[in-house]
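Next come the chains, spelled out residue by residue.
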Amino acid sequence: MKERASTVPPPQIPLAFVATALLWLGGLLLWNLFGSPAPLAALHALILGFFLTTAMGLIYQFVPVVAMLPLQLQRLCYVHLAFATLGTALLVAGFAGGNFSAVRDGGAIFLVGVLLQIVIVATTLRGKRPPAPAAAAALSLLWLLATIFAGLWTAQRFIDGRAIGAAAFSHALLGLAGFFGTLIVGVTLRLLRMFERFDLEPRAPYLAGATSLAALLSLLAVLFAPALAFVPLEVVAAAFSLALFGVLRERNPAYQRETLFYALASGIGALAAPIALAFGDGRLTILLALWVFVGCAVVGYLQRIVPFLWWIARSRSEGTRNIPTLGEMNHSALGSAILALWLLGGALLVIGAQRPAATLVLLAWVGLLAQLARPFVLQKRTVAPPENGSA
């Protein structure tokens, strides 16, 4: 029992990343409401500040728990967070001020943090063969590394006054399909097993591997047949989505539905984004891939993983009988409302209504804060004993 407990990392590590990510999202929404951020500055604040910081923090929780291995080099996780925060701030400031040297330097600082995470995860998994979801999360970090190198290459080409079209497209493709695609597939299949009691995990090595292969094939298509770049992505998105809709058809209605709802929304985004790419609408492609596919997964899965890791911490100190269950810690109606607000905000972004979109998403952010605070303050409901003489 003692050895098993040691495989659960200290909750402070992922929570530090999550708290930082939530601050980035709140700050970005206020910036959109009361200012006029440059589009690339806002885009990278969302991606690096919120999505990536969240994902990197949860990888520190996900990989050791799924692989049942103790997290190594734990103090370096906080060093990684410092590099990620500093790099993001410098990069966003560079985009806001039109200073691409600062963009390049911020990306380089962020890269140092990612290299630290790769060392930490590799050390944790050293000599072991992890389950497919943990292997997918580890593999995604290599895609993230390639994404950052492509971003640095793009920034340098811009500084040198050269064309950046292919470099920028490769940067986006590597990040959205390679990193986020591989990671989301692996995490989704594990969370459905945990919270839906529906085991799609045997498909994880095939779907995660197919996602990485699709990203690679699409990257090659950019060089030799650009019109076909969407095809591998659509094929793997269809396979992923069909698996999710299979869960919807056969799930046990006794379990909470939000995990599946967020996963389905994410899958629909994955299906729609390559179609927008096929029609040459780059802006819509980015919105569907980023806001729906990535965003619904990050926002939804946060509401499962944070209560889980804090439930583990509380159960050690208070005992499982004295704390609410995981189902009680997650408010289903609130989770559904957050999803609706997030998607409505995305729809407004599609039509260019920036401030109304930011207002709706700010409401979703407040709801998300309330949802994530519940595990820390919620107490187990107790039934008062009957009075003497009562039936």
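Residues numbered from 1 in each chain as written. Predicted model: local features only at pLDDT ≥ 70, side-chain atom pairs only at ≥ 80, totals over all residues. Heavy atoms only, no water.

Novice: Can you help me understand helix α3 (residues 39-67) in this one?
Specialist: Every α-helix carries 3.6 residues per turn, so stepping three or four residues along brings you back to the same face. When the terminal C-alpha atoms of α3 are compared, their 39 Å separation across 29 residues agrees well with the 42 Å that a helix rising 1.5 Å per residue should span. Here α3 lies mainly inside the structure; 25 of its 29 residues are buried. Met68, located one to two residues past α3, shows a positive phi value of around 55°. (Helix = DSSP H or I, 4+ residues; strand = E, 2+ residues; numbered from the N terminus. Expected span 1.5 Å × (residues − 1). Buried < 20%, exposed > 50% of the residue type's maximum accessible area, 1.4 Å probe, protein only.)

Novice: Even after reading the chapter, I still don't get the pattern of salt bridges, so can you show me in this structure?
Specialist: Per the stated rule, a full pass over the model turns up three salt bridges. Asp105 serves as the salt-bridge partner of Arg104, at 3.3 Å between the closest nitrogen and oxygen. By relative accessible area, Asp105 is classed as partly exposed at 35%. Measuring nitrogen to oxygen at the nearest pair gives 3.9 Å for the salt bridge that ties Arg304 to Glu258. Here Glu258 lies in helix α10 (residues 258-278) and Arg304 lies in helix α11 (residues 282-318), a separation of 46 residues in the sequence. (Salt bridge = Lys/Arg side-chain N within 4 Å of Asp/Glu carboxyl O.)

Novice: It is not clear to me how the nonpolar core should be interpreted in this structure. Could you clarify?
Specialist: In this structure, Phe50, Phe51, Phe179, Phe180 and Trp342 are the most contacted members of the largest nonpolar core, which totals 124 residues. Sorting elements by how many residues they give to this core places α3 first, with 18 residues. Excluding residues within four positions of it along the chain, Phe180 makes contact with Ile47, Phe51, Leu52, Gly175, Phe293 and Val294. Judged by nonpolar contacts, the second largest core, of six residues, contains Trp311, Ile312, Ile323 and Met329. (Core = buried A, V, L, I, M, F, W, Y, C linked by side-chain atoms within 4.5 Å. Contact = heavy atoms within 4.5 Å.)

Novice: I tried to follow the side chain of Glu234 on my own but got confused; where do I start?
Specialist: Note that Glu234 resides in helix α9 (residues 230-250). Of the side chains with opposite charge, Arg203 lies nearest to the buried Glu234, which makes no salt bridge, at 16 Å. The contact partners of Glu234, leaving out residues within four places of it in the chain, are Ala270, Leu271, Pro274 and Ile275. (Lys, Arg positive; Asp, Glu negative; His and termini not counted.)

Novice: Even after reading the chapter, I still don't get the packing of helix α7 (residues 165-195) against α11, so can you show me in this structure?
Specialist: Helix-helix packing is described using two parameters, namely the angle between the two axes and the distance between the axes. Where α7 meets α11, the axes come as close as 10 Å, and the angle between the chain directions of the two elements is 35°. Here α7 and α11 pass one another in a crossing that is left-handed. In contact with Ala172, Leu176, Phe180, Gly181, Ile184, Val187, Thr188, Leu191, Met194 and Phe195 of α7, α11 contributes Ile286, Ala289, Leu290, Phe293, Val294, Ala297, Tyr301, Arg304, Ile305 and Phe308. (Axes fitted to C-alpha atoms, helices over the stretch in contact; angles between N-to-C directions. Left-handed = near helix turned anticlockwise from the far one by under 90°.)

Novice: I keep staring at a nonpolar patch on the surface and nothing clicks. Help me out?
Specialist: On the surface, Leu213, Leu216, Leu217, Leu220, Leu223 and Phe224 cluster together to form a nonpolar patch covering roughly 630 Å² of accessible area. Relative to the helices and strands, Leu213 is located in helix α8 (residues 204-224). Taking relative accessible area as the criterion, Leu213 reaches 45% and is therefore assigned partly exposed. (Patch = residues over 30% accessible without salt bridge, like charges linked within 9 Å, V, L, I, M, F, W, Y side chains within 5 Å. Areas by Shrake-Rupley, 256 points an atom, 1.4 Å probe, with all protein chains shown as cover.)

Novice: Please explain the packing of helix α4 (residues 74-97) against helix α5 (residues 100-125) as it appears in this structure.
Specialist: Where α4 meets α5, the closest approach of the two axes is 7 Å, and the angle between their N-to-C directions is 160°. Comparing their axes, α5 and α4 come out roughly antiparallel. The handedness of the crossing between α4 and α5 is left-handed. When the residues that make up the contact of α4 with α5 are grouped by side-chain class, the tally is 18 nonpolar, eight polar and one charged. (Parallel < 35°, antiparallel > 145°, perpendicular 65-115°, else oblique. Nonpolar A, V, L, I, M, F, W, Y, C, P; charged D, E, K, R; others polar.)

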